[in-house]
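Fold and geometry: a report
Letter by letter, the chains look like this.
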There are 4 protein chains.
Amino acid sequence: MFEQEEMLIQQLFDEEKLTEKQSKILIAAIESFSEKGYASTSTSEIAKKAGVAEGTIFRHYKTKKDLLMAIVVPIMAKVVGPYIINDFDKVLNQQYDRVEDFLRATIENRREVLKKLLPVVKIMLQEIPFQPELREQFIDLIAKNLFGRVSHIIEGYQQKGQIIEMPALSVARLVITSVMGYLFSRYILFPEAPWDDELETERTIQFIMHGLGKGE
Amino acid sequence: MFEQEEMLIQQLFDEEKLTEKQSKILIAAIESFSEKGYASTSTSEIAKKAGVAEGTIFRHYKTKKDLLMAIVVPIMAKVVGPYIINDFDKVLNQQYDRVEDFLRATIENRREVLKKLLPVVKIMLQEIPFQPELREQFIDLIAKNLFGRVSHIIEGYQQKGQIIEMPALSVARLVITSVMGYLFSRYILFPEAPWDDELETERTIQFIMHGLGKGE
Amino acid sequence: MFEQEEMLIQQLFDEEKLTEKQSKILIAAIESFSEKGYASTSTSEIAKKAGVAEGTIFRHYKTKKDLLMAIVVPIMAKVVGPYIINDFDKVLNQQYDRVEDFLRATIENRREVLKKLLPVVKIMLQEIPFQPELREQFIDLIAKNLFGRVSHIIEGYQQKGQIIEMPALSVARLVITSVMGYLFSRYILFPEAPWDDELETERTIQFIMHGLGKGE
Amino acid sequence: MFEQEEMLIQQLFDEEKLTEKQSKILIAAIESFSEKGYASTSTSEIAKKAGVAEGTIFRHYKTKKDLLMAIVVPIMAKVVGPYIINDFDKVLNQQYDRVEDFLRATIENRREVLKKLLPVVKIMLQEIPFQPELREQFIDLIAKNLFGRVSHIIEGYQQKGQIIEMPALSVARLVITSVMGYLFSRYILFPEAPWDDELETERTIQFIMHGLGKGE
DNA sequence: AATGAATGAGCATTCATTCAT
DNA sequence: CATGAATGAATGCTCATTCAT
């Protein structure tokens with residue numbers, strides 16, 4: 001698990017070369033923030049868990065909030081953003097013949113990411129309401145990128161008569177919340193229930209497909 | 001707004017007779033917890049906002065956490081729980097001829113509640129991950145009551161052949177996350193977007209109905 | 001035990017007529033002060049133990065320190081003072097033929113008093129260093145009354161050639177600390193050791209008598 | 001006086017190397033605890049007197065009680081314990097030909113120690129009744145070490161027929177309380193009276209020697 | 001007389017941050 | 001670069017005391 005987390009860190013933060021101490025600080029901070037919340041985690045606790053001196057944290061991150069941002073911003077910038085965009089680009093380029101296949105791939109992809117980055121995602125969700133900077137980034141990302149892109153695709157399918165006549169934004173909302181609802185139930189609400197992931201993925205896809213079908 | 005909040009408080013906490021000071025403390029705490037989070041709100045701040053001495057808070061609520069619980073537990077116990085159950089009882093007693101009508105009434109009802117209790121619901125969602133007591137109550141409520149009841153209804157409809165063959169639990173998840181996803185988008189994510197509530201409600205219902213339809 | 005304590009209270013405080021609430025407050029305060037110390041006992045704790053409202057304490061005793069004084073001053077005034085004086089008066093009036101008999105009676109008398117008033121005596125000893133008012137009273141009592149009287153008696157015996165030639169004050173100190181040392185060991189230091197009181201009293205008397213004897 | 005106290009501190013706490021701030025904190029704490037009692041001394045007061053920030057106290061002593069223990073435990077462990085034992089070892093090894101000489105040396109030694117450590121001894125005596133940990137240590141030290149050693153010596157003298165036939169424990173009690181009674185009168189009760197220490201020491205020794213003599 | 005809600009100063013303790021080494 | 005002692009403002013909480021009922 002430690003090795004796995006380290007890889008996660010390397011993956012999330014690779015661009016800036018991290019020293020070993022910095023990695024340890026980030027891992028410790030992610031673990032503590034995720035377990036007890038940002039406001040209830042003390043920097044001294046992080047220092048102890050990371051095995052560094054208290055002052056060392058502040059050499060790398062000017063304030064505690066900077067440390068939080070160093071954790072959460074990359075997730076927003078790299079994970080929620082481009083990953084999604086890459087996927088969609090594949091769809092837009094007809095790499096998936098059917099919507100089902102796109103949904104399946106997307107869900108699977110999201111699932112993998114969420115499983116690995118769960119602690120960071122938890123921190124992000126917790127702190128978005130209280131950090132205006134995060135909030136704005138998030139809204140932008142969701143509103144402009146995610147909804148925008150999805151809406152675009154949807155309008156395509158609607159013109160081909162394959163899905164229901166409904167404002168693309170509403171369709172986007174329905175699809176996204178269905179997918180997110182699944183992932184949220186799966187990993188946040190009931191992570192310990194016995195899930196048959198393949199089956200539930202199919203059911204979710206089926207539900208969405210029917211839900212968007214022209215009915216009758 | 002103040003008057004409105006006071007009514008909210010009265011409604012949530014009516015059984016125990018609240019003194020004026022207690023009401024003021026609760027209102028101030030709800031406002032602050034909702035805006036800045038439980039851990040980042042100081043009791044002195046609440047006292048100042050409520051216009052009482054700091055000691056007064058601790059006369060009524062032995063600890064800061066007790067104050068939090070006094071706010072969140074009733075919401076769980078009274079609002080999420082029985083309200084839902086009452087609605088479902090109506091369905092079970094055939095008060096709604098069609099699933100659509102039931103969904104419509106439920107969504108509308110939830111919408112009203114959420115609109116009024118938004119700050120408290122926000123606090124609840126924020127603190128569930130960090131307060132084991134809340135977490136357990138919530139899981140119980142959702143898992144045993146909400147999912148249980150909904151599953152029961154679903155099985156009824158499935159026997160009548162009106163909805164798709166799929167484990168009731170999965171159906172329940174899909175329906176509930178669709179409804180919650182709507183309300184979450186509407187009130188938490190984009191409360192300031194221009195929403196046509198009646199229309200979106202219908203679209204959500206339509207989506208769910210088709211999604212659960214036997215397809216073709 | 002409760003009844004016994006009530007009698008103690010009545011005995012200590014009889015002159016001012018105490019209401020039932022006052023008695024309860026005093027008993028509760030003595031118990032708490034004795035167990036946890038004056039400074040570490042809160043008035044609310046006393047109120048709860050006494051079964052009265054917090055305000056009631058302050059109706060009878062203007063401040064917490066007044067309550068302490070109401071407990072400790074009578075002990076000094078009535079118990080340490082006059083009792084001793086009465087005993088000594090008996091000696092001075094030749095009611096005891098031999099010093100031994102006087103010592104024996106005095107020790108026995110002190111022993112009874114100490115057993116009953118132990119909690120109050122403990123409080124007194126604890127607070128004397130910190131309450132100048134008490135300290136002065138105590139020094140006066142010990143220095144002027146106790147030492148004074150004893151010195152007077154001692155000088156008598158010295159003139160009769162029955163005890164050693166030594167300043168009366170020094171003799172008084174030796175006698176008093178011997179007696180007090182016994183009682184202190186018996187009731188404060190090792191109250192739970194198995195003591196044969198009669199025997200130890202005799203030994204103490206014998207030690208003092210020899211110690212004051214003309215040697216040889 | 002400041003220099004003297006610093007030496008005291010160095011003597012009491014030498015093994016662990018104390019920083020300058022730690023010394024200042026200890027000196028300030030000893031002064032305040034001794035004057036006003038542990039419970040009535042606030043940490044902010046100690047900080048101010050020591051000329052350090054309040055947080056500094058808690059960096060070195062996790063709680064206020066830890067600070068108390070850091071002051072009192074070494075006194076029990078180092079001063080009351082080994083010093084006494086060393087003295088007795090000298091007696092046991094026949095370094096003193098006569099009991100008188102032993103008593104004289106012991107009293108003198110105790111007197112020096114007490115004079116220097118008076119504030120700390122005061123704190124110790126004050127807090128023993130309320131700190132179970134201290135109480136146990138003290139009882140152990142007195143009961144098992146002091147009384148045990150003294151009893152052993154006494155039995156030796158009794159076998160040589162030099163002192164009275166009486167259970168060694170009782171003899172020990174009489175001797176110890178006589179010595180302690182002198183020191184207590186001298187330094188705690190009437191420190192400001194004019195004492196001729198040499199003379200009073202001799203009188204106390206004489207009293208004990210006669211008291212334990214075979215009478216006649 | 002008795003109550004107990006209300007007060008606000010005070011307390012022990014924590015914490016993010018700084019800085020000399 | 002890294003350390004960790006030092007800081008002092010802030011925090012949750014307690015307490016003796018007051019006062020309207």
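Here the structure is a predicted model, which means the values were calculated and not measured. (Residues numbered from 1 in each chain as written. Chains lettered and ligands numbered in written order. Predicted model: local features only at pLDDT ≥ 70, side-chain atom pairs only at ≥ 80, totals over all residues. Heavy atoms only, no water.)

Considering the interface of chain C and chain D
Note: interface size is frequently given as the accessible area lost on complex formation between the parts. For clarity, the threshold we go by: By definition in these notes, contact holds between two residues if any of their heavy atoms fall within 4.5 Å. In short, buried area is how much 1.4 Å probe accessible area vanishes from two parts on joining, totalled over both. Here, a salt bridge means any Lys or Arg side-chain nitrogen found within 4 Å of an Asp or Glu carboxyl oxygen. Any pair of N or O atoms that falls within 3.5 Å is considered a polar contact. Within protein, one atom must be able to donate a hydrogen and the other to accept it, and sequence-neighbouring residues count only if both atoms are side-chain atoms. Comment: elements are numbered from the N terminus, with helices defined as DSSP H or I runs of at least four residues and strands as E runs of at least two. In the scheme used here, Gly and all other residues not listed as nonpolar or charged are polar, with Ala, Val, Leu, Ile, Met, Phe, Trp, Tyr, Cys and Pro taken as nonpolar and Asp, Glu, Lys and Arg as charged.
On the chain D side, the residues contacting the 44 residues of chain C number 45 residues. Of the roughly 3200 Å² buried where chain C meets chain D, counting both sides, 63% is carbon and sulfur surface. Contact with chain D buries surface across chain C, with C:Phe130, C:Arg173 and C:Phe207 losing the most and accounting together for 22% of the total. Applying the counting rule to chain C against chain D returns two salt bridges. The partner of C:Glu200 in a salt bridge is D:Arg173, with the nearest N and O atoms 2.7 Å apart. Summed over the shared surface of chain C and chain D, the number is eight residue pairs in polar contact (both at pLDDT 80 or more). Elements that contribute at least two residues to the side of chain C that touches chain D include exactly α2 (20–36), α6 (99–127), α7 (132–159), α8 (168–189) and α9 (197–212) of chain C. Broken down by element, the side of chain C that touches chain D gets its largest block of residues, 10 residues, from α8(C). Looking at the side of chain C that touches chain D, its residues break down into 21 nonpolar, 15 polar and eight charged.

Some points on the protein's contact with DNA strand E
What counts, and what does not: We call a residue near a molecule or strand as soon as one heavy atom of that residue lies within 4 Å of the molecule or strand.
Looking at DNA strand E, there are 29 residues lining it, with A:Thr43, B:Thr56, B:His60, C:Thr56 and D:Lys64 nearest. Backbone atoms, meaning sugar plus phosphate, form 60% of the atoms of DNA strand E positioned within 4 Å of the protein. B:Arg59 is positioned with one of its side-chain polar atoms (N or O) 2.9 Å from a base nitrogen of DNA strand E. B:His60 is positioned such that a nitrogen or oxygen atom in its side chain is 2.6 Å from a phosphate oxygen of DNA strand E.

Thoughts on the environment of B:Val52
Residue and element names in this part refer to chain B. Note on placement: Val52 falls in the loop between α3 (43–50) and α4 (54–60). When the C-alpha atoms of Val52 and Glu200 are compared, they prove to be 43 Å apart, with 148 residues separating the residues in sequence. When near neighbours in sequence (up to four residues on either side) are disregarded, Val52 contacts Lys21, Ile25, Ala47 and Ile57.

Comments concerning the interface of chain B and chain A
On the chain A side, the residues contacting the 44 residues of chain B number 45 residues. Summed over both partners, the interface of chain B with chain A buries about 3200 Å², with 64% contributed by carbon and sulfur atoms. Ranking the residues of chain B by area buried against chain A places B:Phe130, B:Arg173 and B:Phe207 at the top, with a combined share of 21%. Joining chain B to chain A, the criterion identifies two salt bridges. Between chain B and chain A we count eight residue pairs in polar contact (both at pLDDT 80 or more) in total. Looking at the side of chain B that touches chain A, the elements with two or more residues in it are α2 (20–36), α6 (99–127), α7 (132–159), α8 (168–189) and α9 (197–212) of chain B. Counting residues per element, the side of chain B that touches chain A draws most heavily on α8(B), which supplies 10 residues. Each residue belonging to the side of chain B that touches chain A can be placed in one class, and the counts come to 21 nonpolar, 15 polar and eight charged.

Brief notes about the relation of the copies chain C and chain D
Note the cut-off: Copy-to-copy superposition: least squares on the C-alpha atoms, limited to residues that have pLDDT of at least 70 in both copies.
Its rotation angle being 180°, the transformation that places chain C on chain D also includes 0.0 Å of axial translation and leaves an RMSD of 0.1 Å. These values place the two chain copies in the arrangement generated by a two-fold rotation axis. Across chain C, the rotation axis passes nearest the C-alpha of C:Gly211, at a separation of 1.8 Å. In this assembly the copies share their binding face: 100% of the residues contributing to the interface of chain C also contribute to that of chain D.

Looking at the protein's contact with DNA strand F
Neighbouring DNA strand F are 29 residues, the closest being A:Thr56, B:Lys64, C:Thr43, D:Thr56 and D:His60. Counting only atoms of DNA strand F within 4 Å of the protein, the fraction found in sugar and phosphate groups is 60%. Between C:Lys64 and DNA strand F, the recorded distance is 2.7 Å, taken from a backbone N or O atom to a phosphate oxygen. Sorting the residues of the surface near DNA strand F by element identifies α4 (54–60) of chain A, α4 of chain B, α4 (54–60) of chain C together with α4 (54–60) of chain D as the ones contributing at least two each.

Topic: the packing of α7(B) against α8(B)
The geometry of a pair of packed helices is captured by two quantities: the angle between their axes and the separation between those axes. Residues and elements named next belong to chain B. Short version of the rule: For every element, the axis is a line fit to its C-alpha atoms; helices are fit only across the contacting stretch, and the angle between N-to-C directions ranges from 0 to 180 degrees. Here is the rule for angles: anything less than 35 degrees is roughly parallel, anything more than 145 is roughly antiparallel, 65 through 115 is roughly perpendicular, and the remaining ranges are oblique. Each helix crossing is assigned a hand: it is left-handed if the near helix lies turned anticlockwise from the far helix by less than a right angle, otherwise right-handed if that turn is clockwise.
Between α7 and α8, whose axes approach to 8 Å, the crossing angle comes to 110°. One element, α7, and the other, α8, form an angle in the roughly perpendicular class. Relative to α8, α7 is oriented so that their crossing is right-handed. Where α7 abuts α8, its residues Leu146, Phe147, Val150, Ser151, Ile154, Glu155 and Gln158 lie against Ala168, Leu169, Val171, Ala172, Arg173 and Ile176. Class assignment for the residues of the contact of α7 with α8 results in nine nonpolar, two polar and two charged.

Some words on the environment of C:Glu108
Residues and elements named next belong to chain C. How we decide: Relative accessible area decides the class of each residue, using a 1.4 Å probe on protein chains only: under 20% of the type maximum gives buried, over 50% gives exposed, and in between gives partly exposed.
Among the secondary structure elements, Glu108 is positioned in helix α6. With a relative accessible area of 31%, Glu108 lands in the partly exposed category. Residues Glu108 and Glu198, spaced 90 residues apart in sequence, show a C-alpha to C-alpha distance of 8.9 Å. At a separation of 3.2 Å, a polar atom in the side chain of Glu108 contacts the side chain of Arg111.

Considerations on the nonpolar core
Selection criterion: Buried residues of nine kinds, namely Ala, Val, Leu, Ile, Met, Phe, Trp, Tyr and Cys, make up a nonpolar core once their side-chain atoms join them within 4.5 Å.
If you look at the biggest cluster of nonpolar residues, it comprises 128 residues, and the most contacted ones within it are C:Phe33, C:Leu67, C:Ile71, D:Phe33, D:Leu67, D:Ile71 and D:Ile75. Those residues in contact with D:Ile71 that lie beyond four places of it in its chain are D:Phe13, D:Leu26, D:Ala29, D:Ile30, D:Phe33, D:Val120 and D:Ile123. Judged by nonpolar contacts, the second largest core, of 127 residues, contains A:Phe13, A:Tyr61, A:Val72 and B:Ile205.

Topic: the domain arrangement of chain A
Residues and elements named next belong to chain A. For the record, the criterion: Domain segmentation is taken from an automatic or database assignment of domains.
Domain boundaries assigned for chain A yield domain 1 (2–62) and domain 2 (66–212). Contact with domain 1, which involves 17 residues of that partner, is made by 18 residues of domain 2. When domain 1 packs against domain 2, the two sides together hide about 1500 Å² of surface, and 73% of this comes from carbon and sulfur. Among the residues domain 1 hides against domain 2, the three largest losses belong to Leu12, Ile30 and Tyr38. Together they make up 34% of the total. At the boundary of domain 1 and domain 2, one finds zero salt bridges. The interface formed by domain 1 and domain 2 holds zero residue pairs in polar contact (both at pLDDT 80 or more) in total. At the level of elements, α1 (2–13) and α2 (20–36) are the ones that each hand at least two residues to the side of domain 1 that touches domain 2. With six residues, α2 is the largest single contributor of residues to the side of domain 1 that touches domain 2.

Let's talk about the pattern of salt bridges
Under the definition given, this model contains 42 salt bridges over all chains. Between B:Arg186 and B:Asp197 there is a salt bridge, with its nearest N and O atoms 2.6 Å apart. Pair noted here: B:Arg186 is in helix α8 and B:Asp197 is in helix α9, with a separation of 11 residues, a long-range link. In this structure, the salt-bridge partner of D:Arg104 is D:Glu202, at a minimum N-O distance of 2.5 Å. Of the two residues, D:Arg104 is situated in helix α6 (residues 99–127) and D:Glu202 in helix α9 (residues 197–212); the sequence distance between them amounts to 98 residues. A network of salt bridges, in which partner residues are shared, links A:Glu108, A:Arg111, A:Arg186 and A:Asp197.

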